[in-house]
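What the coordinates show
The lines below spell out each chain.
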Amino acid sequence: MPERPQAERPMIEIKSVTRSYGAFKALDDASLTIKEGEFFSLLGPSGCGKTTLLRMIAGFDNPTSGSISVDGQSMEGIPANRRPTNMVFQSYAIFPHLNVEQNVAYGLKRLKLAGSEEKRRVEEALAQVSLTGLGKRLATELSGGQRQRVALARALVMRPKVLLLDEPLSALDKKLREQMQVELRRLQQAVGITFVLVTHDQYEALAMSDRIAVMFGGRIAQIASPKEIYQRPVNRQVADFLGGMNFVKAEIVEENGASLVLDTLGFGRIKTDKPKAFVRNGGAATLGIRPERLRVLWDNATAKFEVAGKVVERHYFGEITHLIVEIPGLEKPLSVTETNDFGADDIPVGTSIRLAYDPEALVAMAD
Amino acid sequence: MTTMRRFLTKGWLSTYAFLYVVFLYLPVIFLPIFSVNTAATPKFPLSGFTLKWYEDLPRTPALLDAAWNSLVVGVSAAILSTVLGILAARSITRYRYPGRRAINGLIMAPLVLPEIIVAISLLLVLLQLGLSLSLFTVVLGHVLVCIPYSMTVLTAGFEGFDRSLEEASADLGESAFGTFRRVTLPMVAPAIISSLLVCFTISLDEFLIAFFLTGTEATLPIYIWGQLRFASKLPGVLALGTLLLAASFLLMTIAEILRRRAAKRTQNEGGLYA
């Protein structure tokens, strides 16, 4: 897949920003740079500081220390109403006493545009979010998805340098959420504005972002592309948050510049890339492998790398089956997800099976 | 046991409720009835229908003066208590600070204090301050008794007001004042109007405080009190009372409708899953 060309110009620069409430640090020494035109996500569980950071970019909160700049301009002392950012609120914050058109035109009123120009921009924004023709509707007459689109149009019509989105899809049902993910991504590519999304939903972040910052307890744990975050998490916490992951205890046999040699009980001796952020902590490490990277070997099929075990549990999920496989020597059984096209949903519990894996899929994490 | 309970809940309770309502409203019903009776003394049987007591009202200069005074006091008290109520309600619903609950309680206290004690205390304070009694002092007293009502109405309007609405306005470039004018005010306007109406109505009907704090100028309730000494004036008082009753009822109904609309608007529209 071709990479979308991206300007390398930084749009948002966050330099060692800390936000304390008394002794509690909602955000602890966070630094990151978001590039122009990028779809960037702040991902983490509730209370990780992602919303605090977003609100500080918007100007609703101020750093205790550190600096934030947008498009090369320091945001210090600049109130929310004079920042080149606009926000889509989690509650959408649609003005209930105004209709759709008036909501979208709200921010334009201050620009004192000619009447026809204002109308044109409102129409354009409504078209961007597929709400053409609903301009006269009252907020009370809109569905959740429509309200979300109004909130988007109202922010986009201002042509901000940065669009901030605070959990914009969390109030929608699953189907609509998935549809909006695709639409948001498409919209971002069409308008070319830098998007910063706050979410606790890892699939949402993976599906939409160019890059993701994963946050825990006020600190940024990892900043990388969705693929790298998913496949090469820097630690167990990140790995766990991004979806299922099997953790296997390992002993470090050899460590050099770019690679690691590890001894494991179930997988034997493994040579793997050393992650950039790997910091050795004694002689032990953890090896991780995603459940979908383990494949059931049928009949007499063989693979270059395989482990043998016994199915102890089977869970059916429609398109996939989730197998729990006990491997001799491993303290915890492995989770395996297998698509159902070969009949994984029919494997009886107790069957001895062999699993194929790609050593590339094994990721080393500091313990 | 169950029969007993059924009797209690069905037969007895509804009878009780009926008698209760009759007891509450029967005297009120007599007022309009006797106000259109030709006889000068209120007693049954009624002697005939007339509107002359009403026709006499605008021809009584003292009554017109009192009505004008009541209007001035009512409007002033309503505006003052509502402005103060807006500030207090906003502070209590929006900000978290130590003593917030205590302050809320203290503001609501005049609601349960004996009015005559409040009236006497106010009189003492005003005299100590060297203020001469006038309609202005009545306004001050009325503001004190109106604020709890104003607060109740306004708190309902402000509560549940989604803070992100104001943030959204700021985010879209609007100044603090512009946000207040374009978002906050229209959102709570029904509550504000409702508060004005409630306060005006309370001030219009209030007797004790006005009686203690006014100088020579009478408000409507004081005028009525004065008229009661003359038996021949009673039908006129009944007519005036009927009008006051109708006005109060009308104003309170409008106020309640607006209060509900305000509460519904802020709570439904601002909410996350609205």
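On a predicted model such as this, the values are computed, not experimentally measured, just so you know. (Residues numbered from 1 in each chain as written. Chains lettered and ligands numbered in written order. Predicted model: local features only at pLDDT ≥ 70, side-chain atom pairs only at ≥ 80, totals over all residues.)

With respect to the overall build of chain B
Summing up its helical and strand segments, chain B has 11 helices and 0 strands in all. Element order for chain B, N to C, with α for helix and β for strand: α-α-α-α-α-α-α-α-α-α-α. Counting only C-alpha atoms and orienting by the principal axes, one finds that chain B spans roughly 70 × 65 × 35 Å. Of the contacts made within chain B by residues no fewer than 6 positions apart, 80% connect residues no fewer than 24 positions apart. (Helix = DSSP H or I, 4+ residues; strand = E, 2+ residues; numbered from the N terminus. Contact = placed C-beta atoms within 7 Å.)

Looking at the overall build of chain A
Of regular secondary structure, chain A possesses 8 helices and 20 strands. For chain A, the spread of C-alpha atoms along the principal axes amounts to about 75 × 45 × 40 Å. Pairs at least 24 residues apart make up 64% of the contacts formed inside chain A by residues separated by at least 6 positions.

Examining the sheet that holds strand β5 (residues 73–74) of chain A
Residues and elements named next belong to chain A. A sheet is described by the order of its strands in space; here 4 strands give the open sequence β2-β1-β4-β5, paired in antiparallel fashion. Of all the strands in the sheet, the pair left with one neighbour each is β2 (24–35) and β5. Bridging between strand β1 (residues 10–21) and β2 involves 8 bridges; their strand directions are antiparallel. Across the sheet, the residue bridging to Ile 14 is Leu 32, located in β2. (Pairing = 2+ DSSP bridges.)

Quick word on the environment of Arg 293 of chain A
Tracing the backbone shows Arg 293 of chain A in the loop between β14 (284–289) and β15 (295–297). Between the C-alpha atom of Arg 293 of chain A and that of Tyr 357 of chain A, which follows or precedes it by 64 residues, the distance is 6.3 Å.

A closer look at the domain arrangement of chain A
Residues and elements named next belong to chain A. Split into domains, chain A comes out as domain 1 (10–236) and domain 2 (244–366). Here the C-alpha centroids of domain 1 and domain 2 sit 38 Å apart. The interface is formed by 6 residues belonging to domain 1 together with 7 residues belonging to domain 2. Counted by class, the side of domain 1 that touches domain 2 contains 2 nonpolar, 2 polar and 2 charged residues. (Domains from an automatic or database assignment. Nonpolar A, V, L, I, M, F, W, Y, C, P; charged D, E, K, R; others polar.)

Observations concerning the confidence of the model for chain B
All names here are of chain B. Here chain B averages 83 in pLDDT, and 91% of its residues register 70 or above. The spread of mean pLDDT over the elements of chain B runs between helix α11 (residues 234–270), the lowest at 76, and helix α7 (residues 163–171), the highest at 91. Below pLDDT 50 for its whole length, residues 268–274 participates in 16 contacts with residues either more than four positions away or in separate chains. On the interface metric, ipTM, the complex scores 0.81, and its pTM is 0.76. (pLDDT = per-residue confidence, 0-100.)

Description of the pairing of strand β12 (residues 259–264) of chain A
Residue and element names in this part refer to chain A. Sheet topology places strand β11 (residues 246–255) next to β12; 5 bridges connect them, and they run antiparallel. Among the inter-strand pairings, Ala 250 is bridged to a residue of β12, identified as Thr 264. Count of turn residues in the β11/β12 antiparallel hairpin: 3 residues. Note that β12 and strand β13 (residues 268–273) share 6 bridges and pair antiparallel. Across the sheet, Thr 264 pairs through a bridge with Gly 268, a residue of β13. Count of turn residues in the β12/β13 antiparallel hairpin: 3 residues.

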